[in-house]
Amino acid sequence: MMPQSLLQLASQKCTTGCPILDRLLGGGIPCDSVTEIVAESGSGKTQICLQLSLHAQLPVSRGGLAASSLYLHTEFPFPFRRLHQLCLSFRSSNARHFPINDNPCDRIFVQSVHSADHLLEIMSKTEPFIENSITQVPVRLIVIDSIAAVFRSEFDNTPVELKRRSSLFFKISSKLKALAKRFNLAVLVTNQVVDLMGPNEGINGLRIGNLGCLYTSGRRVSPALGLAWANCVNSRLFLSRNEEVIGEENEKSNGDFVFKKTRRKLYVVYAPHLPDSSCEFEITREGLFGVER
Amino acid sequence: MEIWRLPISASQRGKLISAGYTSLSSLSSLSPSDLARELKVSEAEAMGILKAASHSRGAETSNASCSILDGAQSAWDMLHDEESLIHITTSSADLDNILGGGIHCKEVTEIGGVPGIGKTQLGMQIAVNVQIPHDFGGLSGKAIYIDTEGSFMVERAFQIAEACIEDMSEYNRFLRKDFQECKINMKPEDILENIFYFRICSYTEQIALINYLDKFISEHKDVKVVVVDSVTFHFRQDFDDMALRTRVLSGMALKLMNLAKKFSLAVVLLNQATIKHTEGSFQLALALGDSWSHTCTNRIVLYWNGNERYAYIDKSPSLRSASAAYSVTARGIRNSSSSCKRIKMM
């Protein structure tokens, strides 16, 4: 056993495809580390995942990993159309890095996951898969979208089951981290939120990370899967969305029209290399982009 | 053995006794010139007396050894040793205060808390601070960092090292009178180079590494701190037999404690927080169970209080329980002050 030299260990980052978000994240999603994105549905979790698996293909000089990615999805169906749409704009804006008839979608391996055990099984197969990758482009990114879906249905709310569940968390997480270490992978995991009820005390109000509490759509939420899972990831990001009324118009016949705009924000909840910070972003046809204020 | 048994002349013996020296041990710490002055004899004569005294003392100790075991120390000696030990600063004066000067060498200190509270930050800070040179009140040692979770970020360690060097040069300017030639030749790169980093992917690796540390530290005697971040992670899976886990863990803790004593270094174990279910209520506690909590000498719990981070001494044989606020800034762990908001890197 020999110690590693830290000077040669500087971790690589995978760009998100947006300079503003990259600046917030110190260059992107780090390799050899597990990053989690927590958000309620419709906040842009899957959007980031898709965007990242495209941008991982960029050459290292452009902030990418020059690599293909493995996309494990547990929520159905897989958004093929949206991926295709993002792919078109990705290819047109990065045309010079790819041959003309090349389709970036070819370098995203999609696999569906049905249960926690299935996930473990897939992960044990992942190692030989990455090792003997037939394509010339190595896999350097694993996305699990979402980890919560497989765990939230399968387990009862009894101490024994919860214990089994948290033991599985640590098993999965340690497998992921071992893979990440061995192949220098970036790992991105998404997680859902649960509503918080009642007063801000006890374990419900347990503060984890920079933000006192997480608000989205005007509700107070907490990341799913609890404290045990929070110990399993290296960094946690939170996406919030809030509807904002930007104008009203009265029409005699149709009643009141209210113009609403969704304001989205990305927060660093905790990360070993990032300060407490946040950034607004929006989702367009071309993808997800930070907004400077 | 008493003075009258010494093979010296009667007049010398008489002088010694009248000067108040009745036992051999009372002569042990005297210099010949002191004795000569006191007995009003020549220095050569005093030397002769001391030589005779030390000779017969040597004979005595070989006949009936005073200490029962080799290496046994009196509590007085131990106190003296402990006072001369240098502590590793945390870079937060408030935190150092409640810790009695910083992280103690020869002891195992456990630090635990919820994710995002700053365990890894504190671990990195200690690994950097142990390298502060003697001239600046540091240990001038090296660090071993055992990373089981993959949370160690080189870029962050670099930032902390940079800030540490800046702080030292600031300190240098204030104390120029004392340290004229005290130039800081350290670069952040050197600090990173002096952290021996081990990345661990399973508990078997973790145990193997800790067994190997003894050999490694024997070859690198200047290692003054071992940080394990975290001791917990790999032990929270795959253990159906909890009794086995307890045995393995306490064996590991024992080895670490021996290392701390043998090489006079500090061992810092980072632990995760978990929710403990007792009698129908849920409580926040550090992981690995009750038997583990006996194994560490000191236990520090990090927690949120409102918007501030706090450290609390949960267990220590020598420190009183107290808590102090600290903050995690771009420059590393620092004192918390509500007036000085945390500096953002952006």
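Residues numbered from 1 in each chain as written. Chains lettered and ligands numbered in written order. Predicted model: local features only at pLDDT ≥ 70, side-chain atom pairs only at ≥ 80, totals over all residues.

Bringing the overall build of chain B into the picture now. Looking only at helices and strands, one finds 11 helices and 10 strands in chain B. The buried share among the 346 residues of chain B stands at 38%. Within chain B, counting contacts between residues at least 6 apart in sequence, those at least 24 apart form 65% of the total. (Helix = DSSP H or I, 4+ residues; strand = E, 2+ residues; numbered from the N terminus. Buried ≥ 20, exposed ≤ 12 C-beta atoms within 10 Å, placed from the backbone. Contact = placed C-beta atoms within 7 Å.)

As a further point, take the overall build of chain A. The helix and strand tally for chain A stands at seven helices and 14 strands. For 293 residues, the compact-globule estimate of 2.2 N^0.38 gives 19 Å, and chain A sits close to it at 20 Å. On the principal axes, the C-alpha backbone points of chain A span a range of 70 × 55 × 40 Å. Counting only residues that meet the buried cut, chain A has 44% of its 293 residues in that class. For chain A, restricting intrachain contacts to residue pairs at least 6 apart in sequence, the fraction spanning at least 24 positions comes to 72%. (Rg over C-alpha atoms; globule rule 2.2 N^0.38 Å.)

Our next topic: the domain arrangement of chain B. Here chain B is described as being made up of domain 1 (8-63) and domain 2 (77-335). For domain 1 of chain B and domain 2 of chain B, the distance between their C-alpha centres works out to 50 Å. (Domains from an automatic or database assignment.)

At the junction of the two partners, chain B supplies 41 residues and chain A supplies 42 residues. Looking at the side of chain B that touches chain A, the elements with two or more residues in it are α7 (154-174), α8 (188-193), β3 (195-199), α9 (203-219), β5 (266-278) and β6 (281-286) of chain B. Split into classes, the residues belonging to the side of chain B that touches chain A amount to 21 nonpolar, 10 polar and 10 charged. (Nonpolar A, V, L, I, M, F, W, Y, C, P; charged D, E, K, R; others polar.)

Residue and element names in this part refer to chain B. Following both chains from N to C, one finds α9 and helix α10 (residues 242-262) inclined at 15°, their axes separated by 10 Å at the closest point. Comparing their axes, α10 and α9 come out roughly parallel. As for how α9 packs across α10, the hand of that crossing is left-handed. Across the interface between the two elements, I207, I210, N211, L213, D214 and I217 from α9 touch V248, M252, K255, L256 and L259 from α10. (Axes fitted to C-alpha atoms, helices over the stretch in contact; angles between N-to-C directions. Parallel < 35°, antiparallel > 145°, perpendicular 65-115°, else oblique. Left-handed = near helix turned anticlockwise from the far one by under 90°.)

Turning to the sheet that holds strand β8 (residues 193-195) of chain A, a few remarks are in order. All names here are of chain A. On the basis of which strands lie adjacent, the open sheet formed by three strands has the order β8-β10-β9 and antiparallel pairing. Of all the strands in the sheet, the pair left with one neighbour each is β8 and β9 (214-216). Neighbour-to-neighbour, the strand axes of this sheet turn through a mean angle of 50°, independent of strand direction. Here three bridges tie β9 to strand β10 (residues 219-223), and the two strands are oriented antiparallel to one another. From the neighbouring strand, T216 faces β10, where its bridge partner is R219. (Pairing = 2+ DSSP bridges.)

Residues and elements named next belong to chain B. In terms of residue burial, strand β1 (residues 108-113) counts as a mostly covered element, since six of its six residues are buried. Both faces of β1 are covered, namely the face carrying V108, E110 and G112 and the face carrying T109, I111 and G113. Pairing of β1 with β5, which is carried by six bridges, proceeds in the parallel orientation. In the sheet register, T109 faces β5, and the bridge partner there is V268. Relative to strand β7 (residues 298-305), β1 runs parallel, the two sharing five bridges. The residue bridging I111 from the neighbouring strand is I300, located in β7.

Okay, the packing of helix α4 (residues 116-131) of chain A against helix α6 (residues 159-183) of chain A next. Residues and elements named next belong to chain A. Closest axis-to-axis distance for the α4/α6 pair is 11 Å, and the angle between their directions is 15°. It follows that α4 is roughly parallel to α6 by the angle criterion. The element α4 and its partner α6 pack so that their crossing is left-handed. Contacts between α4 and α6 involve A116, L119, L120, M123, T126, E127 and I130 from the first element and L168, K171, I172, K175, L179 and F183 from the second. Grouping the constituent residues of the contact of α4 with α6 by class yields nine nonpolar, one polar and three charged.

Turning our attention to unusual backbone geometry. A cis geometry characterises the amide bond from F76 of chain A onward to P77 of chain A, with omega recorded as -10°. Looking at the secondary structure, you find P77 of chain A in the loop between β4 (68-73) and α3 (80-93). Here the residue pair D229 of chain B and S230 of chain B is connected by a cis peptide bond, since its omega of -10° sits within 30 degrees of zero. Within the secondary structure layout, S230 of chain B lies in the loop between β4 (223-229) and α10. Here the phi dihedral of S91 of chain B falls at roughly 75°; this positive angle occurs in a residue that is not glycine. Within the secondary structure, S91 of chain B sits in the loop between α4 (75-84) and α5 (93-98). A count of 25 C-beta atoms within 10 Å places S91 of chain B in the buried class.

Attention now goes to the nonpolar core. Counting residues in each nonpolar core, the largest one holds 147 residues, and the members touching the most others are L141 of chain A together with V225 of chain B. Examining the composition of this core, we find that seven residues originate from one element, α6 of chain A, more than from any other. With residues near it in sequence (within four places) discarded, L141 of chain A still touches C14, L52, S53, A56, L65, A67, S69, L185 and A186 of chain A. (Core = buried A, V, L, I, M, F, W, Y, C linked by C-beta atoms within 7 Å.)

Turning next to the environment of D77 of chain B. With respect to the helices and strands, D77 of chain B occurs in helix α4. Linking D77 of chain B and L244 of chain B, residues 167 residues apart in sequence, is a C-alpha distance of 39 Å.

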